[in-house]
Amino acid sequence: MISPSSLIMAVDSTLSSAVGASVSEKDAKALQFIEEMTKNVDSVQERILGEILSRNADTEYLKRFQLNGATDRDTFKSKVPVVTYEDLQPEIQRIANGDKSPILSSHPISEFLTSSGTSAGERKLMPTIHEELNRRQLLYSLLMPVMNLYVPGLDKGKGLYFLFIKAETKTPGGLLARPVLTSYYKSDHFKSRPYDPFNVYTSPNETILCPDSIQSMYAQMLCGLIMREEVLRVGAVFASGLLKAIRFLQVNWKQFAHDIETGTLNPKVTDPSVRECMSKILKPNPELAAFITKECSEENWECIITRIWPNTKYLDVIVTGAMAQYIPTLEYYSGGLPMACTMYASSECYFGLNLKPMCKPSEVSYTIMPNMAYFEFLPHDDSSAQDSSRDSPPRLVDLADLEVGKEYELIVTTYAGLCRYRVGDILRVTGFHNAAPQFRFIRRKNVLLSIDFDKTDESELQQAIENASVLLKEFNTSVVEYTSYADTKQIPGHYVIYWELFVKDAAHAPTDEVLSQCCFQMEESLNVVYRQCRVADSIGPLEIRVVKNGTFEELMDYAISRGASINQYKVPRCVSFTPIMELLDSRVVSKHFSPALPHWTPERRR
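Residues numbered from 1 in each chain as written. Predicted model: local features only at pLDDT ≥ 70, side-chain atom pairs only at ≥ 80, totals over all residues. Heavy atoms only, no water.

Structural notes on the pattern of salt bridges
Heads up, the rule is: Counted as salt bridges are all cases of a side-chain nitrogen of Lys or Arg within 4 Å of a carboxyl oxygen of Asp or Glu. Put simply, DSSP H or I for four residues or longer makes a helix, DSSP E for two residues or longer makes a strand, and each gets a number counted from the N terminus. Burial here depends on accessible area, computed with a 1.4 Å probe over protein chains only, as a share of the maximum for the residue type. Under 20% is buried, over 50% is exposed, and the range in between is partly exposed.
Within the structure shown, the criterion is met by 34 salt bridges. A salt bridge links Glu295 to Arg307; the nearest nitrogen and oxygen atoms lie 2.8 Å apart. Remark: Arg307 occurs in helix α15 (residues 304-308) and Glu295 occurs in helix α14 (residues 286-297); sequence separation between them is twelve residues. The class for Glu295 is buried, based on a relative accessible area of 9%. Arg545 is paired through a salt bridge with Glu543; the nearest N and O atoms lie 2.8 Å apart. Here Arg545 matches Glu543 in class, with each residue buried. Connected via shared salt-bridge partners are Asp42, Arg73, Lys77, Glu376, Asp398 and Arg420.

Let's talk about the sheet that holds strand β7 (residues 314-318)
The following threshold applies: For two strands to pair, DSSP has to find at least two bridges joining them. Contacts are assigned to residue pairs that have any heavy atoms within 4.5 Å of one another. Axes, fitted as lines to C-alpha atoms, cover a helix only where it is in contact. Angles between the N-to-C directions of the axes lie from 0 to 180 degrees.
If you trace the four strands from one edge of the open sheet to the other, you get β3-β6-β7-β8, paired in parallel fashion. Sheet topology places β3 (158-162) and β8 (339-340) at the edges, where each strand pairs with a single neighbour. On the sheet, helix α12 (residues 239-262) packs against β3, β6 (231-238) and β7 and is oriented at approximately 120 degrees with respect to β6.

Describing the sheet that holds strand β21 (residues 543-547)
In space, the four strands of this open sheet follow the order β19-β20-β21-β22, with mixed pairing throughout. Across the chains shown, the open sheet's two edge strands, defined by having one partner strand only, are β19 (477-487) and β22 (588-593). On average, each strand axis in the sheet is tilted by 25 degrees relative to the strand beside it, whichever way the strands run. Strand direction decides the pairing type here: β19 and strand β20 (residues 494-503), joined by ten bridges, are antiparallel.

Considering the confidence of the model for the protein
The cut-off we apply is this: One confidence number per residue, pLDDT, is output by the predictor and ranges from 0 to 100.
Averaged over all residues, the pLDDT of the protein equals 88, while 91% of them reach at least 70. The model gives residues 382-391 a pLDDT under 50, and that stretch makes 19 contacts with residues more than four places away or in other chains.

And the structure:
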């Protein structure tokens, strides 16, 4: 068996200072598996593609391209096109409607995993098969062995994780359509997971699986408070989710203190399974109630995480991509605790893990595990490669052939039947672990605004503004220019839209009520994921800030003074640069907020 010290050196040669941690046999096997996969990237990828093409050879989709049973890369690349979701939508809709023939996959589609919204406003439906749960579980099983190399003693306490299920629907053909994490939490892989002392949660399964998110949050936070001394790590899937939990504590700490003092659960928690499991955990504890009252009643909430949970070693949250905007707030609440971004995954496929989980958020890189799917990469800086038409297929690069410093769009071929599918993630190669490239997540392609799970692109924002502008017509008013930003200074964050208006008759200008209705109309026009987040209170009301006439000319002058070409200047549709924000805010003449929640119900799958 490989020695603990050599395994640590194998995972990262800079870890020599962390050799103090002992490596169990189970961890050693997991770390050895990572080594084998990352040393043999190209051969593993070749095998994976062969398996996918061989098993799905008789599917309607692959037959269309006349592979004639070929499983080699050259034939695959020359005959199978690169596609988007819209290209596959007819096939996906047939499966959703109940067609059980082998359209995309030779194995039955077990359910759909819902991804971010389409241009039509509905969530994307990603087909999956039962065995994908095994692949996801495999990747989960690698996370803690890596973390144990960096943080000793994680088996001596518990993790306070805020985990939730979300709404699910059924397609006309009877298949479930739900988010990937909801699928995982409801699976036996999660509910009947074997005991692992390194991976024990404060939240009982019943609290995580409670369909009412408020009751679920209440019970999970209460458990976390009761077990505060045992908590060694605090986390949520995304940074926004953890901040929402802190905000929930700010609003409800008096009730938590009451429950803990009396040993009785808030009657607003009505879920029978939650009440039953909490009855075994909640006992009168006046001393703890007094402590919570003391800490939470103070105006200053700096370091509140380490004040309430003093043994916390790190935060386990995703703070890459759009979530990076929450880093300063998390640092404030945690007193600068490390933030571990452990995993890279999506509805389409689970991709890989961070082999240096305790690095700074700005240095997070993920290593794609070559056994998860077949991966290709579209060079993002090559404009000719952006054309995915059938007549001019883009030139894609294999996982083992990427270059450090270059950016690529991720393309995936999965066991569940996605072939050369454009995921839409832009990644930059930062280095290699053995033969496996490591990636920094740069951004989602075309995403303009994001607070939580929402993703709003430029065309969607433009359409929302056009729809809202209809309300201004009777006032002979129009939107001259606009820009936007995601304001995350408060919890929950919200969209801010700057409008410069042209008002023909100042005596007949739009009223505050009308402009507030414009905010509401914009929200009604945004996609279903945004509206769900608004209803779930993870996004605040949209705000329109009206600026003085001439503001956007000043914005252009500022950009030109910094070297922009007057001929090529375009108004940025999203801003984050502090001097520009200050310029815009100094010109604001009025602020308006959406007066009501937009309409949202779980989508029907027609």
